[in-house]
Amino acid sequence: MSDWHRALVVGASGGIGAAFVAALTAAGAEVHCLSHGELDLEDEATIAAAAARIAAPLDLVIVATGWLGVTPEKAMRDLNAATLARYFAVNATGPALVAKHFLPLLAKGRPARFAALSARVGSIADNRLGGWYGYRASKAALNQLIRTLAIELARTRPQAICVGLHPGTVDTGLSAPFQRGVPELFTPEHSAAAMLDVLARLTPADSGNCYAWDGSCIAP
């Protein structure tokens, strides 16, 4: 694992978030944990307040959050404005606002990482089955936001990296209704360790992309 002395995990009470916290703590990092009671992705004021409480510099910021409705849309007749708005609020806007307030806390003059959990289904090029409109679209939006954030971040922190991470299908409450027939179902601990290994191997030239737990780059 890389030399991440001071790390922050947003969504630390979730399955993958808690696994990130455990792995980083075991590696000797000082880990700051933020969960829903301290930070609400749909309320920017709570994000700004959380950032104000945490002193820079941070070597690693991980946004381990996401929302998937219990009945993802199978067809266009299932589309609902309120549900679509919530997908974007939690899966795209929320992580972008975390970046807005926490990227300025990343270390300067040395390697640093910002990562948000994305998903392979956010890839437009990889969409061959359709369905899951809101989840797909919100994760695609997140990937575009990450690409744009990475471009701006490079101007002030050329050694920093900003990426999306696909954790695979992980045995958590979010994926529980959709695990039937999944060929590879990971424990949160396995997924978090794999993603930290991927982060450790990335270089600034990789910034702005989305990577799967196995290190493969996911097409936009």
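Coordinates for the structure precede this section.
Just so it is clear, the structure is predicted and the values come from calculations on it, not from any experiment. (Residues numbered from 1 in each chain as written. Predicted model: local features only at pLDDT ≥ 70, side-chain atom pairs only at ≥ 80, totals over all residues. Heavy atoms only, no water.)

Attention now moves to a nonpolar patch on the surface. A cluster of nonpolar residues, Met76, Leu79 and Tyr133, forms a patch on the protein surface that exposes about 310 Å² of accessible area. Here Leu79 is to be found in the loop between β3 (60-63) and α3 (81-102). Using a relative accessible area of 37% as the deciding quantity, one classes Leu79 as partly exposed. (Patch = residues over 30% accessible without salt bridge, like charges linked within 9 Å, V, L, I, M, F, W, Y side chains within 5 Å. Areas by Shrake-Rupley, 256 points an atom, 1.4 Å probe, with all protein chains shown as cover. Salt bridge = Lys/Arg side-chain N within 4 Å of Asp/Glu carboxyl O. Helix = DSSP H or I, 4+ residues; strand = E, 2+ residues; numbered from the N terminus. Buried < 20%, exposed > 50% of the residue type's maximum accessible area, 1.4 Å probe, protein only.)

What follows concerns the pattern of salt bridges. Following the criterion strictly, the structure yields six salt bridges and no others. The salt bridge involving Glu42 is made with Arg86; its shortest N-O contact spans 3.3 Å. Here Glu42 is found in the loop between β2 (30-34) and α2 (44-53), whereas its partner Arg86 is found in helix α3, with 44 residues between them in sequence. Taking the relative accessible area as the measure of exposure, Glu42 reaches 44% and is therefore partly exposed. Arg86 sits in the partly exposed class, given a relative accessible area of 33%. In this structure, Arg110 engages Asp59 in a salt bridge whose closest nitrogen and oxygen atoms are separated by 2.9 Å. Placement of the pair is Arg110 in the loop between α3 and β4 (112-117) and Asp59 in the loop between α2 and β3, with a sequence separation of 51 residues.

Let us now look at the sheet that holds β2. Strand order in the open sheet formed by seven strands is β2-β1-β3-β4-β5-β8-β9, and the pairing between neighbours is mixed. Edge positions in the sheet fall to β2 and β9 (217-218), since each of these pairs with one other strand and no more. The pairing of β3 with β4 spans four bridges and is parallel. Across the sheet, Val61 pairs through a bridge with Phe114, a residue of β4. Here α3 sits on the sheet in contact with β1 (6-10), β2, β3 and β4, set at roughly 165° to β4. Sitting on the sheet, helix α4 (residues 133-156) is in contact with β4, β5 (160-166) and β8 (210-212), with an inclination near 170° to β5. (Pairing = 2+ DSSP bridges. Contact = heavy atoms within 4.5 Å. Axes fitted to C-alpha atoms, helices over the stretch in contact; angles between N-to-C directions.)

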